[in-house]
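A closer look at the structure
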Amino acid sequence: QVQLVESGGGLVQAGGSLRLSCAASGRTFSGFAMGWFRQAPGKEREFVGRIIWSDGVIYYADSVKGRFTISRDVAKNTVYLQMNSLKPEDTAVYYCVVQSTRTAIYDYWGQGTQVTVSS
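Described below are features of the structure shown in this document.

Thresholds, definitions, all that
- Residues numbered from 1 in each chain as written.
- Predicted model: local features only at pLDDT ≥ 70, side-chain atom pairs only at ≥ 80, totals over all residues.
- Heavy atoms only, no water.
- Disulfide = S-S within 2.5 Å.
- Helix = DSSP H or I, 4+ residues; strand = E, 2+ residues; numbered from the N terminus.
- Buried < 20%, exposed > 50% of the residue type's maximum accessible area, 1.4 Å probe, protein only.
- Pairing = 2+ DSSP bridges.
- Axes fitted to C-alpha atoms, helices over the stretch in contact; angles between N-to-C directions.
- Contact = heavy atoms within 4.5 Å.
- Core = buried A, V, L, I, M, F, W, Y, C linked by side-chain atoms within 4.5 Å.
- Phe/Tyr/Trp six-rings, centres within 6.5 Å; stacked < 30°, edge-to-face > 60°.
- Lys NZ or Arg CZ within 6 Å of the ring centre and 35° of its normal.

Side note on the state of the cysteines
All chains considered together, the criterion is met by one disulfide. The side chain of Cys22 participates in a disulfide bridge whose partner is Cys96; the two sulfur atoms lie 1.9 Å from each other. Taking the torsion about the sulfur-sulfur bond, which here is approximately -85°, the covalent link between Cys22 and Cys96 counts as left-handed. You can see Cys22 sitting in strand β3 (residues 18–26) and its partner Cys96 sitting in strand β9 (residues 92–100), a full 74 residues away along the chain. The buried category is assigned to Cys22, whose relative accessible area is 0%.

Dropping the structure here:
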(Lines give C-alpha, C1' and ligand atoms only; values in the text may rest on other atoms or scores of the structure.)
Protein backbone atom coordinates (compact mmCIF):
# COMPACT_ATOMS: atom_id res chain seq x y z
CA GLN A 1 0.00 0.00 0.00
CA VAL A 2 2.89 2.34 0.75
CA GLN A 3 6.20 2.29 -1.03
CA LEU A 4 9.28 4.05 0.29
CA VAL A 5 12.27 4.93 -1.84
CA GLU A 6 15.41 6.16 -0.12
CA SER A 7 18.27 8.02 -1.71
CA GLY A 8 21.27 10.09 -0.76
CA GLY A 9 23.52 7.56 0.88
CA GLY A 10 27.17 7.33 0.10
CA LEU A 11 30.70 7.64 1.37
CA VAL A 12 31.75 10.66 3.37
CA GLN A 13 34.67 11.55 5.60
CA ALA A 14 34.24 12.02 9.32
CA GLY A 15 32.94 15.48 10.06
CA GLY A 16 31.16 15.69 6.75
CA SER A 17 27.49 15.77 5.87
CA LEU A 18 24.95 13.80 3.92
CA ARG A 19 21.29 14.33 3.25
CA LEU A 20 19.03 11.32 2.90
CA SER A 21 15.67 11.51 1.20
CA CYS A 22 12.71 9.18 1.40
CA ALA A 23 9.78 9.56 -0.94
CA ALA A 24 6.54 7.81 -0.09
CA SER A 25 3.92 6.75 -2.57
CA GLY A 26 0.72 4.77 -2.47
CA ARG A 27 -2.14 4.90 -0.03
CA THR A 28 -2.20 7.71 2.46
CA PHE A 29 -3.66 7.39 5.92
CA SER A 30 -4.79 9.73 8.60
CA GLY A 31 -2.26 9.34 11.37
CA PHE A 32 1.35 8.43 10.76
CA ALA A 33 4.94 9.33 11.31
CA MET A 34 7.86 8.96 8.98
CA GLY A 35 11.38 8.44 10.14
CA TRP A 36 14.60 6.56 10.06
CA PHE A 37 16.24 3.50 11.52
CA ARG A 38 19.77 2.36 10.92
CA GLN A 39 21.65 -0.89 11.21
CA ALA A 40 25.41 -1.00 11.49
CA PRO A 41 27.38 -4.10 10.56
CA GLY A 42 27.03 -6.75 13.24
CA LYS A 43 24.72 -4.60 15.35
CA GLU A 44 21.03 -4.38 16.07
CA ARG A 45 18.75 -2.04 14.23
CA GLU A 46 18.60 1.34 15.94
CA PHE A 47 15.99 4.07 15.97
CA VAL A 48 17.33 7.34 14.58
CA GLY A 49 14.37 9.69 14.56
CA ARG A 50 10.89 10.31 13.33
CA ILE A 51 8.56 13.15 12.50
CA ILE A 52 4.83 13.17 13.12
CA TRP A 53 3.39 14.00 9.75
CA SER A 54 0.42 16.03 10.83
CA ASP A 55 2.18 18.53 13.06
CA GLY A 56 5.89 18.12 12.43
CA VAL A 57 6.82 17.10 15.95
CA ILE A 58 10.21 15.41 15.84
CA TYR A 59 11.85 12.79 18.02
CA TYR A 60 15.53 11.86 17.89
CA ALA A 61 17.71 9.21 19.35
CA ASP A 62 20.20 10.61 21.83
CA SER A 63 23.06 9.37 19.70
CA VAL A 64 22.19 11.73 16.85
CA LYS A 65 20.55 14.63 18.62
CA GLY A 66 22.27 17.88 17.75
CA ARG A 67 23.87 16.43 14.64
CA PHE A 68 20.99 15.06 12.60
CA THR A 69 17.89 16.93 11.51
CA ILE A 70 14.66 15.44 10.23
CA SER A 71 12.39 17.48 8.03
CA ARG A 72 9.50 16.86 5.71
CA ASP A 73 8.05 18.17 2.49
CA VAL A 74 4.34 17.52 2.73
CA ALA A 75 3.66 18.35 -0.90
CA LYS A 76 6.22 15.79 -2.03
CA ASN A 77 5.43 13.15 0.61
CA THR A 78 9.10 13.17 1.38
CA VAL A 79 11.08 13.02 4.58
CA TYR A 80 14.70 14.06 4.85
CA LEU A 81 17.52 13.24 7.19
CA GLN A 82 20.21 15.88 7.22
CA MET A 83 23.28 14.33 8.81
CA ASN A 84 26.04 16.66 9.94
CA SER A 85 29.23 16.08 11.89
CA LEU A 86 29.22 12.49 10.80
CA LYS A 87 31.22 9.97 12.74
CA PRO A 88 32.51 6.55 11.72
CA GLU A 89 30.02 5.02 14.14
CA ASP A 90 27.23 6.48 12.02
CA THR A 91 28.16 3.99 9.32
CA ALA A 92 25.09 1.87 8.70
CA VAL A 93 22.32 1.03 6.33
CA TYR A 94 19.66 3.66 6.89
CA TYR A 95 16.04 2.66 6.49
CA CYS A 96 13.12 4.96 5.94
CA VAL A 97 10.03 3.91 7.87
CA VAL A 98 6.36 4.77 8.22
CA GLN A 99 4.80 4.39 11.64
CA SER A 100 1.14 4.28 12.48
CA THR A 101 0.48 6.76 15.24
CA ARG A 102 -2.52 4.67 16.24
CA THR A 103 -0.67 1.40 16.78
CA ALA A 104 2.95 2.60 17.05
CA ILE A 105 3.88 -0.13 14.60
CA TYR A 106 6.42 0.59 11.89
CA ASP A 107 4.33 -0.81 9.08
CA TYR A 108 6.44 0.11 6.07
CA TRP A 109 10.14 0.04 5.43
CA GLY A 110 12.27 1.25 2.60
CA GLN A 111 14.97 -0.78 0.93
CA GLY A 112 17.76 0.93 2.83
CA THR A 113 20.58 3.17 1.74
CA GLN A 114 24.20 2.70 2.75
CA VAL A 115 25.98 5.45 4.63
CA THR A 116 29.69 4.97 5.15
CA VAL A 117 31.74 7.42 7.19
CA SER A 118 35.49 7.09 6.92
CA SER A 119 37.94 8.22 9.57
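Description of the sheet that holds strand β8 (residues 78–83)
Strand order in the open sheet formed by four strands is β1-β3-β8-β7, with antiparallel pairing between adjacent strands. In this open sheet, the two strands that pair with only one neighbour each are β1 (2–7) and β7 (68–73). On average, adjacent strands in this sheet sit at an angle of 20° to one another, irrespective of strand direction. The pairing of β3 with β8 spans six bridges and is antiparallel. Looking at β8, one finds that Ala23 is bridged to Thr78.

Looking at the side chain of Arg38
Tracing the sequence through the fold places Arg38 in strand β4 (residues 32–39). Setting aside residues up to four positions removed in sequence, Arg38 forms contacts with Glu44, Arg45, Glu46, Val48, Ser63, Val64, Phe68, Glu89, Asp90, Ala92, Val93 and Tyr94.

Brief notes about the nonpolar core
Among the nonpolar cores identified, the biggest contains 31 residues, and Leu4, Met34, Trp36, Val79, Leu81, Met83 and Tyr94 are the most heavily contacted of them. For this core, the secondary-structure elements that each account for two or more residues are β1, β3, β4, β5 (45–52), β7, β8, β9 and β11 (113–118).

Here's the deal with the packing of aromatic side chains
Here the structure, examined in full by the defined rule, presents six aromatic pairs. Residues Tyr95 and Trp109 carry aromatic rings whose centres are separated by 6.2 Å and whose planes lie at 70° to one another, so their mutual orientation is edge-to-face. In this pair, Tyr95 sits in strand β9 while Trp109 sits in strand β10 (residues 106–109), placing the two residues 14 residues apart along the sequence. We classify Trp109 as partly exposed; its relative accessible area is 33%. Taken together, the aromatic side chains of Phe37, Phe47, Tyr95, Tyr106 and Trp109 make up a single cluster linked through ring pairs. For the cation-ring pair, Arg50 lies above Tyr59, with the distance from its terminal atom to the ring centre recorded as 4.4 Å.

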